[in-house]
Amino acid sequence: MSQPSVIPRRVATAAAVSLALVAGLAACAGPQDSGGSGGSGASGTPHKGGTLTVLNSNPQEDFDPARLYTSGGGNVPSLVFRTLTTRNRENGAAGAQVVPDLATDLGTPSKNATVWTYTLKDGLKYEDGTAITSADIKYGIERSFAAELSGGAPYLRDWLIGGADYQGPYKDKKGLDSIEVPDAKTIVFHLNKPEGEFPYLATQTQTTPVPQAKDTGTKYEEHPVSSGPYKVVSNENDGERLVLERNPHWSAATDEERKAYPDRIDVRSGLDSAVINQRLSASQGADAAAVTTDTNLGPAELAKVSGDKKLAARVGTGHFGYTNYIAFNPKVKPFDDPKVRQAISYAVDRSSVINAAGGSSLAEPATTYLPNQKSFGHTPYDHFPAGETGNAAKAKELLKEAGYPKGLTVPLTHSNDKDFETGPEIATALQAALKKAGVTVELKGLEGNDYSDTIHSASKEPGFFLAHWGADWPSGGPFLAPIFDGRQIVKDGANFNTGFLNDASVNKEIDEINKLTDLDAAAQRWGALDKKIGEKALTVPLFHPVYKRLFGQDVKNVVISDWTGVLDISQVAVK
């Protein structure tokens, strides 16, 4: 299950910070190609050598493959950890495809997709030169079940037979019978139910091989054994300073995805967002060969950068599958009446919402729940057309039919955090638009943890609130199932089916799509299901974010895929 709380660990959202760009430095020479929206990347022929510096806000904590919750193996993690499959390292939509990594292919499913078999490539080695085996992958997965190493994606616990009760190899040395390794190059997974998207799950860092003899438990993160092109040289202050150098036993012949141009990667974290963007814009010294994997340009910063052609050419633009939306709790009056939910859907002014989110460069209007990307199966629809500025007349008509001819007053719960997704700015924009339709909105702001706990509690969930969601991989499955599958309603714990939808036909269609191993066919079905669910007006899609990130003037080969929406440092060169 994807959780909004983990999305920032993969792709940090835009921070609305001010930037005093260093006068004069913007004129320094730099690449001429910004990469655009999944564009071609910075110009110049990439060569091996040099040091790539990564300037980040958030430390790379828990640098243990069992504990990481990273789609496609993450950005920095995928330099050290290889997985059975991985993301295709290409720009735009092509980058949303899943491709083999340690495995020779995407796996061979049984007829009903409950058994998946993988074969490892020849010549795979760790940083010490020893061979990587299928038993190491089995062990790496099993240790991710240990309570001491919590934090990773929960899918394997849900999908593998016996996974729900397994406590990990420290307590149960016998291991999981549902993972078989008949020989050193073969690994077989036995699942509880058909899962056609298992190749996507195999991109998670939990499928990283871990040699049992080198496992140091909770200390493994200090020096995990590399299977990728770089090894850990030092890890200070729980990922605040991470230095990587080449793994001499990594072979490009076994790895079509990672380019490994720089000799050294120097990750420095714990920096203020404004400082990161100032240093990247100035691009002096080592910062000329620097990137960030977690800090966006805010509206004010972007306005200044856009005014300088050379600086603007050093901005990478990307789209990550993410939707910001209004959520309704149909158990709470007056939102138990579909006409009220539809009226608000018509009354929404997406233009003002986009402006509140930083403008059209940072947010694109949404009328569908699934992001506008092929891999999700995006199917265009607009069941309650509000136009650009809202349809107040239609909203009033529906409110009258619902028994509110003089309008109504409702509280809107939002976060007080300084973000542009669920924060006060978006709430205020909606308040103004709904007033035109006769809906008086009382804003109810909650602090971060209180907000998250409230909207994800089945007993405390408000009737009308702001929410957001991103998928763990670029498919409709992890986008729609956690939010609309009635069997995933959680009464005690974090509940994400905010509309409490438990429609037998929807649940059945989710099961039928999960059986498909043809990912393109599955995507089409996810899109059709999104359109069907949209008729129920349980959410009002507002916008999809756009990511804008600076990179240093010496950075070459910028690749931004639709899988991550951000620059892929496995492709970057600094020479």
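Calculation criteria
Residues numbered from 1 in each chain as written. Predicted model: local features only at pLDDT ≥ 70, side-chain atom pairs only at ≥ 80, totals over all residues. Heavy atoms only, no water. Helix = DSSP H or I, 4+ residues; strand = E, 2+ residues; numbered from the N terminus. Rg over C-alpha atoms; globule rule 2.2 N^0.38 Å. Contact = heavy atoms within 4.5 Å. Areas by Shrake-Rupley, 256 points an atom, 1.4 Å probe, with all protein chains shown as cover. Lys, Arg positive; Asp, Glu negative; His and termini not counted. Charge placed at Lys NZ, Arg CZ, Asp CG, Glu CD. 1 Å grid on protein atoms, 1.4 Å probe; cavity = no way out; pocket = protein on both sides within 12 Å on 5 of 7 lines; lining within 4 Å. Points joined across faces, edges and corners; volume = space filled by probe spheres on them. Nonpolar A, V, L, I, M, F, W, Y, C, P; charged D, E, K, R; others polar. Pairing = 2+ DSSP bridges. Phe/Tyr/Trp six-rings, centres within 6.5 Å; stacked < 30°, edge-to-face > 60°. Buried < 20%, exposed > 50% of the residue type's maximum accessible area, 1.4 Å probe, protein only. Lys NZ or Arg CZ within 6 Å of the ring centre and 35° of its normal.

Of regular secondary structure, the chain possesses 15 helices and 19 strands. Here the C-alpha atoms of the chain give a radius of gyration of 24 Å, agreeing with the 25 Å that 2.2 N^0.38 yields for 575 residues. When its C-alpha atoms are laid out on the principal axes, the chain stretches across 75 × 60 × 40 Å. Contacts in the chain between residues at least 24 apart in sequence constitute 74% of all its contacts with a sequence separation of at least 6. Accessible area of the chain: about 21,200 Å², with a carbon and sulfur share of 49%. Side chains of the chain give 59 positive and 69 negative charges; the mean places of these two sets differ by 3 Å.

Here we come to the layout of surface pockets. For the second largest pocket, the calculated volume is near 440 Å³. In terms of lining, the second largest pocket is formed by 19 residues, of which the most central are W159, K193, E195, A481 and Q488. Counting only elements with at least two residues in the lining of the second largest pocket, the list comes to helix 3 (155-159), helix 13 (477-484) and helix 14 (504-514). At four residues, helix 13 tops the list of elements feeding residues into the lining of the second largest pocket. Residue composition of the lining of the second largest pocket, grouped by class: nine nonpolar, three polar and seven charged.

Right, let's get into the sheet that holds strand 10 (residues 264-268). Judged by pairing direction, the sheet is mixed, and its five strands sit side by side in the order 8-9-10-1-11 without closing on themselves. Sheet topology places strand 8 (230-236) and strand 11 (290-291) at the edges, where each strand pairs with a single neighbour.

Looking now at empty space enclosed by the protein. Within this structure, the stated rule accounts for three cavities of 30 Å³ or more. Considering only enclosed or pocket space, the largest cavity measures out at about 160 Å³ in volume. Around the largest cavity, the lining comprises 16 residues; the ones closest to its centre are T367, Y381, G534, T539 and P541. Looking at the lining of the largest cavity, the elements that each hand over two or more residues are helix 15 (519-534) and strand 18 (539-545). Split into classes, the residues belonging to the lining of the largest cavity amount to eight nonpolar, five polar and three charged. Within this model, the second largest cavity holds a volume of roughly 50 Å³.

To continue, consider the packing of aromatic side chains. Tallied over the full model, the rule gives 23 aromatic pairs. Geometrically, the ring pair formed by W159 and W473 is edge-to-face, given 6.2 Å between the ring centres and 75° between the ring planes. You can see W159 sitting in helix 3 and its partner W473 sitting in the loop between strand 17 (464-470) and helix 13, a full 314 residues away along the chain. Take W159 and W473: they sit in the same class, and that class is buried. With a centroid separation of 5.0 Å and 45° between ring planes, the pair formed by F189 and F198 is classed as tilted. Side by side, F189 and F198 carry an identical accessibility label, which is buried. Here the aromatic cluster, defined as three or more aromatic residues joined through ring pairs, consists of W116, Y118, Y155, W159, F189, F198, Y200, W473 and W563. Taking the ring centre of Y220 as reference, the NZ or CZ of R143 above it sits at 4.8 Å. The lysine or arginine in question, K331, covers the ring of F500, its NZ or CZ lying 4.1 Å from the ring centre.

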